[in-house]
Each structure stands twice: as structure tokens, then as C-alpha cells.
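Okay, here's what each chain looks like letter by letter:
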Amino acid sequence: FYFDFEATSPGPIVASTESLVELILHGSTTAYADKYESFRKLYASHDDGKAAQRVYDHIWGASHL
């Protein structure tokens with residue numbers, strides 16, 4: 001990475017498979033919602049579920065609808 005991933009990680013970092021399983025089974029996704037959103041805005045701002053539509057619009061435009 002070109003940045004401090006541990007400082008900006010959008011969620012917990014685990015060191016073992018057991019820790020990961022425990023987190024999946026009993027962890028809280030809402031506890032990291034704000035960090036996830038900040039990370040997404042900073043590093044994946046175009047990741048909004050509409051990428052294919054933007055590509056289509058760029059290549060064929062609205063004239064093919």
C-alpha cells in the first residue's frame with residue numbers, strides 16, 4: 001500500500017482465521033459504518049453500483065435508449 005492501511009482500514013484487522021470467524025459470527029457491521037464510508041469516499045468514490053450505466057452512456061449515449 002502507498003498509505004497507512006492500518007490507520008485508515010475500513011474495518012477490523014485480524015491476525016488469525018479464528019479471529020476472523022469470531023468476527024464474522026459475532027461482530028458488528030454497524031460499528032465500522034462511518035470508517036467504511038470515509039474509506040469508500042476517499043479510495044472508491046466511483047464505486048456506486050452505476051459503473052456499467054456510465055460506460056454505456058459514454059459509448060452509446062442516450063440516443064440508443
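Look up a bit, the structure's there.
So, here is what we can say about the structure in this document. A quick note: this is a predicted structure, and the numbers were derived from the prediction, not measured.

A word on a nonpolar patch on the surface
Next, step 1: Nonpolar side chains collect at one region of the surface, where Val-14, Leu-20, Val-21, Ile-24 and Leu-25 lie side by side and expose about 450 Å² of accessible area between them.
Next, step 2: Relative to the helices and strands, Leu-25 is located in helix α2 (residues 17–26).

Re the side chain of Arg-40
Next, step 1: Within the secondary structure layout, Arg-40 lies in helix α3 (residues 33–43).
Next, step 2: With sequence-adjacent residues up to four places away left out, Arg-40 is seen in contact with Ser-45 and Asp-47.

Concerning the side chain of Ser-9
Next, step 1: Summarising the element assignment, Ser-9 is placed in the loop between α1 (5–8) and α2.
Next, step 2: For Ser-9, a relative accessible area of 3% gives the class buried.
Next, step 3: In terms of polar contacts, Ser-9 uses its side chain to reach the backbone carbonyl oxygen of Gly-11, at 2.5 Å.

A closer look at the pattern of salt bridges
It is possible for side chains of opposite charge to pair when their charged atoms get near one another.
Next, step 1: Within this structure, the stated rule accounts for two salt bridges.
Next, step 2: Its salt-bridge partner being Glu-37, residue Arg-40 comes within 2.8 Å of it at the nearest N-O pair. Of the two residues, Arg-40 and Glu-37 both sit in helix α3, three residues apart, roughly one turn of that helix.
Next, step 3: Assessed through its relative accessible area of 18%, Arg-40 is described here as buried.

Quick look at the environment of Gly-27
Next, step 1: Tracing the sequence through the fold places Gly-27 in the loop between α2 and α3.
Next, step 2: On the basis of relative accessibility, which here comes to 36%, the residue Gly-27 falls in the partly exposed class.
Next, step 3: With 22 residues separating them in the primary sequence, Gly-27 and Phe-5 have C-alpha atoms 20 Å apart.

Analysis parameters
- Residues numbered from 1 in each chain as written.
- Predicted model: local features only at pLDDT ≥ 70, side-chain atom pairs only at ≥ 80, totals over all residues.
- Heavy atoms only, no water.
- Patch = residues over 30% accessible without salt bridge, like charges linked within 9 Å, V, L, I, M, F, W, Y side chains within 5 Å.
- Areas by Shrake-Rupley, 256 points an atom, 1.4 Å probe, with all protein chains shown as cover.
- Salt bridge = Lys/Arg side-chain N within 4 Å of Asp/Glu carboxyl O.
- Helix = DSSP H or I, 4+ residues; strand = E, 2+ residues; numbered from the N terminus.
- Contact = heavy atoms within 4.5 Å.
- Buried < 20%, exposed > 50% of the residue type's maximum accessible area, 1.4 Å probe, protein only.
- Polar contact = N/O pair within 3.5 Å; in protein donor to acceptor, adjacent residues only side chain to side chain.

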